[in-house]
Amino acid sequence: MELSSTEVVSPAISVELLLPPEDLVAALRHDVKEGLTSSPKWLPPKWFYDDRGSELFDTITRLPEYYPTRCERQILAQHASDIAGACPASTVVELGSGTSDKTTLLLDALAAGGSLRRFVPFDVSEATLRSSAMRLARRYPGLEVTAIVGDFERHLHAVATPVPGPRLVAFLGGTLGNLDVQQRAELLQRVAMDMRAGDGLLLGTDLVKDVDRVVAAYDDASGVTAQFNLNVLEVINRQLGADFDLGRFRHVAHWSREHEWMEMRLRSTRAQSVCIAALDLEVVFQEGEEVRTEISAKFRRRDIEAELAVAGLELGGWWTDHDDEFALSLWFRP
């Protein structure tokens, strides 16, 4: 049975901790052992997001090559009132919320319509959640902010408790694309099962486009994405007593034509072995061997509609940026 604790930070803010430090380290131990003893090797992308990783990703979203955040912001700036009109939610739940920066456009529209009462940001980084919760509470006097520190693949039950009024689950930034087909199906089905009449799912998805445009977004000229990718090794060094030499690994951004997704990888620049003390594990790397650290699927509208139909949801709205590079879609239970 998973334990949780709730801290009341102020009358408007509470923080529910579903990933206490010991649980977080146990999950990291499991994932690192499973991923680095597999062939080919892999690590899940959620371990990018310690405090430093969250800061780096926030920087990435502002880089000239990284179009998804700008495109999604453009859509929200133009259509947030349409979304709020279609789903006048009293509660907004944001999965993988990060700083919730662009989400304020949606919250503004709901607040202007008079429906917004509660915001539930859900993320793995406690420091990021606390900072954003304070900022949002100041921006929206009277708004109840319930921040949840957890892994939405494991702790989605925490947002399933019925609350008065319609609820809108926001899954923005193309994060759905970080999951493979089976993981997406399972997550979408769980979200759909917890939706009631009037509840909505607002989904951000990056669309298939020119390959060079996509690759540049994951391999920026200033090297911030490379730092972000390598940061996962820093996390393992710090948390599990590993001795990764980051100078012996190189960031790789690869487009998979077969799957229509981007892969971020770390390539060993020489034959080497790494000791992970907390696991009593030695990991051997061949020169040129790669560890896959992230996938980021790009979608076509017909495929999104098919996946959401399997989950039992119907399309209620579809919006794209001016260049049709990114989409926001709104889904309801029939």
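It should be emphasised that the depicted structure is a prediction, and the values quoted were computed from it without experimental measurement.

Chemist: Just to check I follow, could you spell out helix 6 (residues 181-193) for this structure?
Modeler: Along an α-helix, residues three or four apart share an orientation, since each turn contains 3.6 residues. For helix 6, which comprises 13 residues, the first-to-last C-alpha distance of 18 Å matches the rise-based estimate of 18 Å (1.5 Å per residue) to within 8%. For helix 6, the elements touching its buried residues are strand 7 (167-171), strand 8 (200-206), strand 13 (290-297) and helix 9 (301-310). Capping the start of helix 6, Asp180 holds a side-chain oxygen 3.2 Å from the backbone nitrogen of Gln182, two or three residues further along.

Chemist: Is there a simple way to explain the packing of helix 2 (residues 51-60) against helix 8 (residues 224-240) in this structure?
Modeler: The N-to-C vectors of helix 2 and helix 8 enclose an angle of 155 degrees; their axes lie 9 Å apart at closest approach. It follows from the interaxial angle that helix 2 and helix 8 lie roughly antiparallel. The handedness of the crossing between helix 2 and helix 8 comes out as left-handed. Listed contacts from helix 8 to Arg52, Gly53, Leu56, Phe57, Thr59 and Ile60 of helix 2 are Val224, Thr225, Gln227, Phe228 and Asn231. Classifying every residue of the contact of helix 2 with helix 8 gives five nonpolar, five polar and one charged.

Chemist: Help me out: how do you make sense of the packing of aromatic side chains in this one?
Modeler: What describes a pair of aromatic rings is the distance from one ring centre to the other and the angle between the planes of the rings. For the structure on display, the rule yields 10 aromatic pairs. Pairing Tyr49 with Phe57 gives two aromatic rings, centres 5.8 Å apart and planes at 80 degrees, and the pair type is edge-to-face. We classify Tyr49 as partly exposed; its relative accessible area is 23%. Accessibility expressed as a relative area gives 26% for Phe57, which makes it partly exposed. Pairing Tyr66 with Tyr218 gives two aromatic rings, centres 6.3 Å apart and planes at 70 degrees, and the pair type is edge-to-face. Of the two residues, Tyr66 is situated in the loop between helix 2 and helix 3 (67-86) and Tyr218 in the loop between helix 7 (211-217) and helix 8; the sequence distance between them amounts to 152 residues. Taken together through their ring pairs, the aromatic side chains of Phe48, Tyr49, Phe57, Tyr66, Tyr218 and Phe228 make up a single cluster. One residue, Lys41, lies across the ring of Phe285, its end atom 5.1 Å from the ring centre.

Chemist: How do you make sense of the sheet that holds strand 9 (residues 249-256) when you look at a structure like this?
Modeler: Backbone-to-backbone hydrogen bonds pair the strands of a sheet. The strands run either parallel or antiparallel. If you walk across this open sheet you meet the four strands as 3-13-10-9, and the pairing is mixed. Among the strands making up the open sheet, the edge pair consists of strand 3 (41-42) and strand 9. With two bridges joining them, strand 3 and strand 13 adopt parallel strand pairing. Within strand 13, the position partnered with Trp42 by the bridge is Arg292. Running at roughly 60 degrees to strand 10 (residues 261-268), helix 8 makes contact with strand 9, strand 10 and strand 13 of the sheet.

How each quantity is defined
- Residues numbered from 1 in each chain as written.
- Predicted model: local features only at pLDDT ≥ 70, side-chain atom pairs only at ≥ 80, totals over all residues.
- Heavy atoms only, no water.
- Helix = DSSP H or I, 4+ residues; strand = E, 2+ residues; numbered from the N terminus.
- Expected span 1.5 Å × (residues − 1).
- Contact = heavy atoms within 4.5 Å.
- Polar contact = N/O pair within 3.5 Å; in protein donor to acceptor, adjacent residues only side chain to side chain.
- Axes fitted to C-alpha atoms, helices over the stretch in contact; angles between N-to-C directions.
- Parallel < 35°, antiparallel > 145°, perpendicular 65-115°, else oblique.
- Left-handed = near helix turned anticlockwise from the far one by under 90°.
- Nonpolar A, V, L, I, M, F, W, Y, C, P; charged D, E, K, R; others polar.
- Phe/Tyr/Trp six-rings, centres within 6.5 Å; stacked < 30°, edge-to-face > 60°.
- Buried < 20%, exposed > 50% of the residue type's maximum accessible area, 1.4 Å probe, protein only.
- Lys NZ or Arg CZ within 6 Å of the ring centre and 35° of its normal.
- Pairing = 2+ DSSP bridges.

Nothing here speaks to function; it is geometry throughout.
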